[in-house]
Structure formats: C-alpha cells, structure tokens
Amino acid sequence: MSAYEKLLSNNKAWARQQNEIDPGFFKRLAGQQEPDFLWIGCSDSRVPADKITGTDPGEIFVHRNIANLVVNTDINLLSVLQYAVEVLKVKHVIVCGHYGCGGIKAAMTQHHFGIINQWIKNIKDIYRLHREEIDSLLTEKDRVNRLTELNVQEQIFNLAKTSIIQSAWKHEQRPHLHGWVYGLEDGIIKPVCEMEAGSAMDPIYEYDNL
Ligand code: CO
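Below you will find a few notes about this structure. (Residues numbered from 1 in each chain as written. Predicted model: local features only at pLDDT ≥ 70, side-chain atom pairs only at ≥ 80, totals over all residues. Heavy atoms only, no water.)

**Examining the coordination of the cobalt ion**
- Donor atoms from the polypeptide that bind the cobalt ion are Cys-42 (SG), His-98 (NE2) and Cys-101 (SG), placed at 2.0 to 2.3 Å.
- Expressed as a motif, the donor residue spacing for the cobalt ion is C-x55-H-x2-C. In this pair, Cys-42 sits in strand S1 (residues 37-42) while His-98 sits in strand S3 (residues 92-98), placing the two residues 56 residues apart along the sequence.
- Exposure remark for Cys-42: the relative accessible area of 6% places this residue in the buried category.
- For His-98, a relative accessible area of 0% translates into the label buried. (Donors = N, O, S within 2.8 Å, 3.2 Å for Na, K, Ca; no water. Helix = DSSP H or I, 4+ residues; strand = E, 2+ residues; numbered from the N terminus. Buried < 20%, exposed > 50% of the residue type's maximum accessible area, 1.4 Å probe, protein only.)

**Some remarks on helix H4 (residues 75-87)**
- With 13 residues, H4 extends 17 Å between its outermost C-alpha atoms, agreeing within 8% with the 18 Å of an ideal straight helix rising 1.5 Å per residue.
- Buried within H4 we find Leu-77, Val-80, Leu-81, Ala-84 and Val-85. Taken end-on, H4 shows its buried residues confined to a sector of 115°, consistent with a single buried face. Turned more than 90 degrees away from the buried face of H4 sit Ile-75 and Val-87, all of them exposed.
- Lining the buried residues of H4 we find S1, strand S2 (60-65), helix H8 (140-161) and helix H9 (163-172).
- The N-cap of H4, judged by a side-chain oxygen 3.0 Å from the amide nitrogen of Asn-76 a few residues on, is Asp-74.
- A positive backbone phi angle near 55° is found at Lys-89, which sits one or two residues after H4. (Expected span 1.5 Å × (residues − 1). Arc of directions from axis to C-beta. Contact = heavy atoms within 4.5 Å. Polar contact = N/O pair within 3.5 Å; in protein donor to acceptor, adjacent residues only side chain to side chain.)

**Describing the environment of Pro-23**
- Within the secondary structure, Pro-23 sits in the loop between helix H1 (3-21) and helix H2 (25-31).
- In the structure, Pro-23 is positioned 13 residues away from Asp-36 in sequence and 23 Å away in space, judged by C-alpha atoms.

**Considerations on the sheet that holds S1**
- Ordered in space as S2-S1-S3-S4-S5, the five strands form an open sheet in which the pairing is mixed. Both outer strands of the open sheet, S2 and strand S5 (189-195), are each paired with one neighbouring strand and no more. Averaged over all pairs of adjacent strands, the angle between strand axes in this sheet comes to 20°, irrespective of strand direction.
- Looking at chain direction, S1 and S3 are connected through five bridges and run parallel. By the bridge assignment for S3, Leu-38 is matched with Val-93.
- In this fold H4 packs onto S1 and S2, with an angle of close to 170° to the strand it touches most, S2. (Pairing = 2+ DSSP bridges. Axes fitted to C-alpha atoms, helices over the stretch in contact; angles between N-to-C directions.)

**Notes on the packing of aromatic side chains**
- Scanning the entire structure with this criterion turns up four aromatic pairs.
- Taking the centre distance of 5.8 Å and the plane angle of 40° together, the rings of Phe-61 and Tyr-83 count as tilted. Note that Phe-61 is positioned in strand S2 and Tyr-83 in helix H4, a separation of 22 residues in sequence.
- Given the relative accessible area of 17%, Phe-61 is considered buried.
- Connected via pairs of aromatic rings, a cluster forms that spans Trp-14, Phe-25 and Phe-26. (Phe/Tyr/Trp six-rings, centres within 6.5 Å; stacked < 30°, edge-to-face > 60°.)

**Some points on the pairing of S1**
- Of all the six residues making up S1, five are buried; the element is thus mostly covered by neighbouring parts of the structure.
- Both S1 and S2 contribute to a ladder of six bridges, which runs parallel. The residue bridging Cys-42 from the neighbouring strand is Asn-65, located in S2.

**Side note on the packing of helix H6 (residues 116-129) against H8**
- Between H6 and H8, whose axes approach to 10 Å, the crossing angle comes to 105°. Classified by the angle between their axes, H6 and H8 sit roughly perpendicular to one another. Of the residues in H8, those touching H6 at Ile-123, Ile-126, Tyr-127 and Leu-129 are Leu-147, Leu-150, Asn-151, Glu-154 and Gln-155.
- Grouping the amino acids of the contact of H6 with H8 by side-chain chemistry returns six nonpolar, two polar and one charged. (Parallel < 35°, antiparallel > 145°, perpendicular 65-115°, else oblique. Nonpolar A, V, L, I, M, F, W, Y, C, P; charged D, E, K, R; others polar.)

**Some remarks on the side chain of Glu-149**
- The topology assignment puts Glu-149 in helix H8.
- A relative accessible area of 14% means that Glu-149 is categorised as buried.
- The contact partners of Glu-149, leaving out residues within four places of it in the chain, are Tyr-99, Val-181, Lys-190 and Val-192.

Structure representation (structure tokens):
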C-alpha cells in the first residue's frame, strides 16, 4: 500500500469506528455545524488544531496559513473571519502560533525565499517594532520564540482592527480574542494575550459608525 492509500484506508477505519461509538454522529454533523471557536493557526503539520485541543469535528472552524497571520488584504482570511463571526457566530477567535515556527525564523534572516518574501514581510514589520526587546535576548531560540509571541499579539490587534470584529463587539459583545503559542517540545499551549469583546484599542483604528 502506498503512503497516500494508507490515508484512505485510515479514513475508512476512522469512519467505521466513529459510527460504532456514536451512530448518529455523521447524520447530525451533516445537518449543520455550530462551532464556538474560530482557530487561526500555522500551516505547520505538527500543530493540528483539533488534535492538540481534544476537540471533535464540528467544534472548531479552522483557517491556517504560514505563521498564523491576519493580513488586512487577505481575502481568504477575511472571508473565513466574516463567515465565522457573522454566520456561525463563534464566541471565541484563537490565534495560535507555535515555538520553533519556520515562518518566524525565515523572517528573521536576510535570505530571499521567493514569493514567500511578500508574506513574511508582515513578520519583519513586527520584528522592527520590537527590535530592541528581541535583539536584547541572548540566544537565537529565545529571539525566535519572543517574536513568535509578539507576532500572535500583533495578529490579535489586527483582528480587533477589522470592522467585522468591531461590529460584533458593539452589537453582540463577542467574540473574545485569544493569543496562544503551542510548544512543539512539550505539546502545551501557552496563553500569551487576550482581548475581551469591547476591549479598548487605539482610536486610530476604531470605527465610530458601525
Ligand atoms: Co509555523
């Protein structure tokens, strides 16, 4: 059996087992999804949203990209965000980075990577904002890990800057925003920042006519 065929046979076994545990499982989920969470995570194969949070199909709406960025011109992310907030009415949006992130590491080098340059330039901007703090750390690992945390914090701010989030905060007092970082070495998620619905933000980014 080739590697990809193994995936298909795993899938059959999983579906069979799921049906045995809960015979109504697929029928129920096929009817609707009511996730409480939107997860914005890194594409890294070692950080699967549902596995590391012990959640089942139907519980988390997921968007993943390199280094879990919220970029205000990314129509893909914005579409996912709008749908999750306005239609699914999620209560929490989680941005989850991870220590040892290749995207963060790449952004801290001067290497030319091709088209990915455009994407990770967003991370370089965050590095520039916090250069003094990051460069004061002694090891490369510490510097990468700190930028990973600051990146998550910045993406939480980027969410709060959107009219999608501000409108939901104003009219429905949700969703709460959570910035987390997952540890590849111990499997533990560390919460690094939080913005409750309605949190104060820099007025420069605040819309007053939502
Ligand atoms: Co990553």
